[in-house]
Amino acid sequence: MAQDIGQLTENQARTELVRLAEAIAAANRAYHTLDAPEISDADYDALKQRNAAIEARFPAMKRSDSPSDQVGAAVAEGFGKVTHAVRMLSLENAFDDADVTDFDDRVRKYLGLTSGLTYTAEPKIDGLSLSLRYESGVLVQAATRGDGEVGENVTENARTIADIPQRLTGAPEVLEVRGEVYMSHADFAALNARQVEKADKLFANPRNAAAGSLRQLDASITAARPLRFFAYAWGALSRPLDDTQIEAIQRLNDLGFQTNPLTVLCCGPAEMLAQYRKIEAQRASLGYDIDGVVYKVNDLGLQTRLGFRSSTPRWAIAHKFPAELAWTRLEAIDIQVGRTGALSPVARLAPVTVGGVVVSNATLHNEDYIAGRDAKGNPIREGRDIRVGDWVQVYRAGDVIPKIADVDIAQRPETAQPYVFPDICPECGSVAHREEGDAVRRCTGGLICPAQAMERLKHFVSRGAFDIEGLGAKQVELFFKDSDLPVKTPADIFTLAARDAANGLKKLKNRDGFGETSVKKLFAAIEAKRRIPLDRLIFGLGIRHVGEAAAGLLARHYSSWAAFEAAITHATPDSPEWAELISIDGVGTVLAGSLAEAFQNTAERAAIDALVAELQVQPVLARAPLDSPVAGKTVVFTGTLEKMTRAEAKARAEALGAKVAGSVSAKTDLLVAGPGAGSKAKDAEKHGVSVIDEDGWLALIGQA
Ligand code: IVH
């Protein structure tokens, strides 16, 4: 029985606060990090209350790391979320020399330059990116990339990394430094040796070790792991660092950051490729993992002009090193059925190490690939087919799923038979049909196919869709198979709580892996997503060809669920709804057909209607930056533009919220006509559309 707090001496209280802090930290670790709670929720609350009561009686004794100061929600939810002031982007990849020269061509074409450009070349560090925010020279926040918009707040963890300065002298008032957290080969080997001693789990490679170490809820664990940091980019800035990439990186180095010593300037593709070979030759002796070389346009003014695509900058590219290879035996070919019914062959392999990672599964793409031909019927691997029992070559390129590259026919067992691709879905027995021109065979079972139904649910709860905290792929799989509380369609997720309430002793909270608190949290997280923006709903439906970008276009066009639903229900070819649908920039007939098919299919439609009945769909407004004079306007460019290329003009107009169309109609708001404008100028006159020249346009958008 714990001693009455009123009777504790000062010494006893101090000892007791230490004990409580340790017990609470251990309970937090067991619950959040190891997913293996050791004490009940009630006992946990009792520990925290006792700690708070002792602190109330002896305020001077409160520890600097007091459990009372750990924000309940942040600890309970894992890491807090941070919305990046400037999005954290990823990079487009180049895989061979031609991709690099194409990149240079594209950049110069976009800028309308015939002369050569200068680029930086630097190693691509194989770790995880981190954004560090300094205000008045003080580190105030560190966040992981997350989905690029919202990352995790890992400030306390980042403070334990020696390469990350806590204070800067002479830095801009606001400075976000971005770079890569990584672990050296030597530190990785020593860490794994310690893990062996502790009989703890081993890390597959330095990148996993770095990620696992940074993302620790207990920063003292991060502190004990030897992480390093290279700075290579920046986010928000109150004033520019310099005029060029190379000088800006030098500035970061002067401020006290580690920057990669292999960063150099290159004049054009020949020098870039030479530097790539040089870095590749040093790869094995660097002492840390790199997976390619990154090229960036050196002039920061040009970087600004080039801007971004949806998730990658136009001014940079990552030239990846060739994939790593190994040979092993193909033990079996399994068929997985995906969200849209695609039958994907998966190679089950005798485990083999490929570039430091043990691989036992790989993709075989589709039936043609196994048979040794491409989609057009031309031979691949000189026509060699792949059979169970074959000796096959496996390769990995970066994060992607391992693939089978080749087969050694000389080692083929005599008994090996050509693989017969199923024409019946292995999951539901429906016919698996292959459409003309499609490389993939698909199960025609739709929602009656359990594999499709489950994959749709996983998609539904995924990040870009409903993103329900505590309901990931693993939980969906469990609920899908659960006989007491089944979840077979998205609508079932929203009836979970009500159904659980009626389940008597079989309630979720009484089950292994759940407790009162976690069930409450799960139901609250589901409840919170009843209000869902239209674009997330459209994406969440998991309709073939309707990705996140398309869902955004559709939502912004139709704004409300009612308008969207009415339009798609009536969108049969030749109808006005169909014409409107395919008039949306970025929506083609394939996407439109797929949407219409889903909405006009009885079973699919019933599932959609049941879901929407559970929701309050939030309208999405057309994207219109408030201060842009051309937001929401439809603009057409014609004739020769002299100050920018057509592609640049289009991208800038779109960034300002304008729609850029290819021809003039009654819906056009503005025609920007350069010299040589022909029929479009006449069309404009016919429709009463205002016409301005290039300078007029630049003046209008404030870029003259
Ligand atoms: S620049 C706007 N430079 O690669 C461009 N990224 O595949 C920002 N990375 O998310 C990235 N080394 O985590 C850049 N020298 C380097 C890099 C690098 C590694 C990572 C970074 C990024 C990912 C993209």
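Notes on the structure follow. (Residues numbered from 1 in each chain as written. Predicted model: local features only at pLDDT ≥ 70, side-chain atom pairs only at ≥ 80, totals over all residues. Heavy atoms only, no water.)

**Considering the sheet that holds strand 11 (residues 316-320)**
To be explicit about the condition: Strand pairing requires that DSSP identify at least two bridges connecting the strands. Each helix is a run of DSSP H or I of at least 4 residues and each strand a run of E of at least 2, with the numbering of both proceeding from the N terminus. Contacts are residue-level and defined by heavy atoms, with any inter-residue pair within 4.5 Å sufficient. Fitted lines through C-alpha atoms serve as axes, helices being fitted only where they are in contact, and the angles separating the N-to-C directions of these axes extend from 0 to 180 degrees.
Taken in spatial order, the 5 strands make up an open sheet running 2-11-10-3-9, and their pairing is mixed. Bordering the open sheet on either side are strand 2 (93-94) and strand 9 (264-267), each of which pairs with just one other strand. Pairing of strand 3 (residues 118-125) with strand 10 (residues 290-297) involves 7 bridges; the strand directions are antiparallel. Paired with Ala121 across the bridge in strand 10 is Tyr295. Lying on the sheet, helix 4 (residues 97-111) is in contact with strand 2, strand 3, strand 10 and strand 11; it crosses strand 11 at an angle near 175°.

**A word on the sheet that holds strand 21 (residues 634-638)**
Note: strands within a sheet are paired through backbone hydrogen bonds, in either parallel or antiparallel orientation. Taken in spatial order, the 4 strands make up an open sheet running 22-21-23-24, and their pairing is parallel. This sheet does not close on itself; its edge strands, each paired only once, are strand 22 (659-661) and strand 24 (690-692). Along the sheet, successive strands turn relative to each other by an average axial angle of 30°, direction set aside. Pairing geometry for strand 21 and strand 22, over 3 bridges, is parallel. Bridge pairing links Val636 to Ala661 in strand 22. Taken strand by strand, helix 24 (residues 646-655) contacts strand 21 and strand 22, and its axis lies near 170° from that of strand 21.

**A word on helix 22 (residues 589-600)**
For clarity, the cut-off: The span you would expect from a helix comes to 1.5 Å times its residue count less one. In this scheme, a residue with accessible area under 20% of its type's maximum is buried, one over 50% is exposed, and one in between is partly exposed, where area comes from a 1.4 Å probe on protein chains only.
For helix 22, spanning 12 residues, the distance from its first C-alpha to its last is 16 Å, which sits close to the expected 16 Å at 1.5 Å a residue. All of the buried residues in helix 22 are Leu591, Ala592, Ser594, Leu595, Ala596, Ala598 and Phe599.

**Re the nonpolar core**
One recurring pattern in soluble globular proteins: nonpolar side chains tend to sit buried together. Stated precisely, the cut-off is as follows: Here the nonpolar core consists of buried residues drawn from Ala, Val, Leu, Ile, Met, Phe, Trp, Tyr and Cys, with membership extended through side-chain atoms lying within 4.5 Å.
Core analysis: the biggest nonpolar cluster contains 56 residues, and Ile493, Leu554, Leu581, Leu595 and Phe599 have the highest contact counts within it. Ignoring any residue separated from it by four or fewer positions in sequence, one finds Leu595 in contact with Ile543, Val546, Leu554, Phe564, Ile568 and Leu581. Grouped together as the second largest cluster of nonpolar side chains are 34 residues, Ala158, Ile161, Ile164 and Ala210 included.

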